Amino acid sequence: MSGTRVLSILGIVVIATLGAAGMAAAQPIVGVPHEWQVGFPASYTPVMDRVESLHDILLVIITLISLFVLVLLVYAVWRFHAARNTTPSTTTHHTALEIAWTVIPILILVGIAIPSFRLLYYSDKAVAAAFTIKVTGLQWYWTYNYPDHGDFAVESRMLPEAERLKQKPTMPRMLAVDEEMVIPKGTTIRVVGTASGLSMHGWTVPGFGIKKTVIPGRLNEGWINVRNEGYYFGQCSQICGDNHSYMPIAVRVVSKDVFDKWVEQKKKSAGLMPATDVASAPTNR
Ligand SMILES: [Cu+2]
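Counting from 1, residues in each chain are numbered in the order their sequence is written. Where local features are concerned, this predicted model is filtered to residues with pLDDT of at least 70; where side-chain atom pairs are given and counted, the filter is 80 or more; whole-chain, interface and lining totals use all residues. Excluding hydrogens and water, the side-chain values take into account all heavy atoms of the structure.

We now examine the overall build of the protein chain. Labels follow the DSSP assignment, with helices taken as runs of H or I lasting at least four residues and strands as runs of E lasting at least two, numbered in each case from the N terminus. A tally of helices and strands in the protein chain yields 5 helices and 11 strands. Relative accessibility thresholds used throughout: buried, under 20% of the residue-type maximum; exposed, over 50%; partly exposed, between the two (1.4 Å probe, protein chains only). Sorting the 285 residues of the protein chain into buried and exposed places 33% on the buried side. Sequence separation of 24 or more characterises 66% of the internal contacts of the protein chain that already satisfy a separation of 6 or more. Using a 1.4 Å probe, the Shrake-Rupley method yields the accessible areas, and only the shown protein chains count as cover for residues. Split by element, the accessible area of the protein chain, about 17,700 Å² in all, is 65% carbon and sulfur. Residues count as neighbours in contact if any of their non-hydrogen atoms are within 4.5 Å of one another.

A few words on the side chain of Thr 143. Looking at where Thr 143 falls in the secondary structure, it is placed in strand β3 (residues 141–146). With relative accessibility at 10%, the residue Thr 143 sits in the buried group. Leave out the neighbours within four places in its chain, and Thr 143 touches Lys 134, Val 135, Thr 136, Leu 138, Val 154 and Glu 155.

We now examine the confidence of the model for the protein chain. Per-residue pLDDT for the protein chain has a mean of 88; in total, 87% of the residues score no lower than 70. Contacts for the low-pLDDT stretch residues 10–25, under 50 throughout, to residues beyond four places or in other chains number 0 contacts. Predictor confidence is given residue by residue as pLDDT, running from a minimum of 0 to a maximum of 100.

With mixed pairing, 5 strands are arranged side by side in an open sheet as β4-β3-β2-β6-β9. With partners counted over all chains shown, the strands left at the sheet margins are β4 (152–156) and β9 (220–224), one partner each. Each strand axis lies, on average, 25° off the axis of its neighbour in the sheet, ignoring direction. Looking at chain direction, strand β6 (residues 189–195) and β9 are connected through 5 bridges and run antiparallel. Considered in β9, the bridge of Val 191 is made with Gly 222. Packed on one face of the sheet, helix α5 (residues 256–269) meets β2 (131–138), β3 and β4 and runs near 100° to β4. Here, strands pair whenever DSSP counts at least two bridges between them. Axis definition: a line fit to C-alpha positions, over the contact stretch in the case of helices; interaxial angles, taken between N-to-C directions, run 0 to 180 degrees.

As structure tokens, then:
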């Protein structure tokens, strides 16, 4: 093999390694709407998996009911047309039929309610959560507190278009924020939400299957466990006021190592000792 050939192969290897390292450092943009998208966004959490399965079951049930009603209507129009049915029936009551059309829909609704309530309670409370994040909706931005990591806070505001182009041009317009909520992948995280001020807000990330209305003076709970690293986006889903449409939700999911490093850095810049935990955190806050 000639010297130049070896050099060029080496060059390719170096470039490929650097490229891979660069890609590993930045998370891909995953949870965003796509053009011509129909139906649900892709699912990234166990809760959203179940939301999609429930939707699939319901779609079958409502399709069968709609087809059944359509067939009945078409049959009635054809069978009881004035020309075909010159002497109409004088029957006004049919007890068995009336019981059937009351009881069968009740059974269908109960059949739908059972998986629906099961899902509601599955998404409601985190089982064995690794830690908690407190989400606060303000007019008009979000703060994320990490009470199990010394209670530092992250303020998350939408980047105006000029700033986005300057700082984060690859991020989607109207969804990019100055600081994302950062979480580790594959970890169950309890999300408790409240609002400050007079407005309610809605902390909603469609791909996570979470939509928590956050209310001043109350704490609402949900949980997330995101499988893969990346950027995921959502929007406030309560009509909360003037700048309702300018308070996007951006979540950066990273590896556990990167998350730990990020936490250390946040603690330092918040003036917390690196070893601060819940037990030794200052109590005068
Ligand atoms: Cu809002």
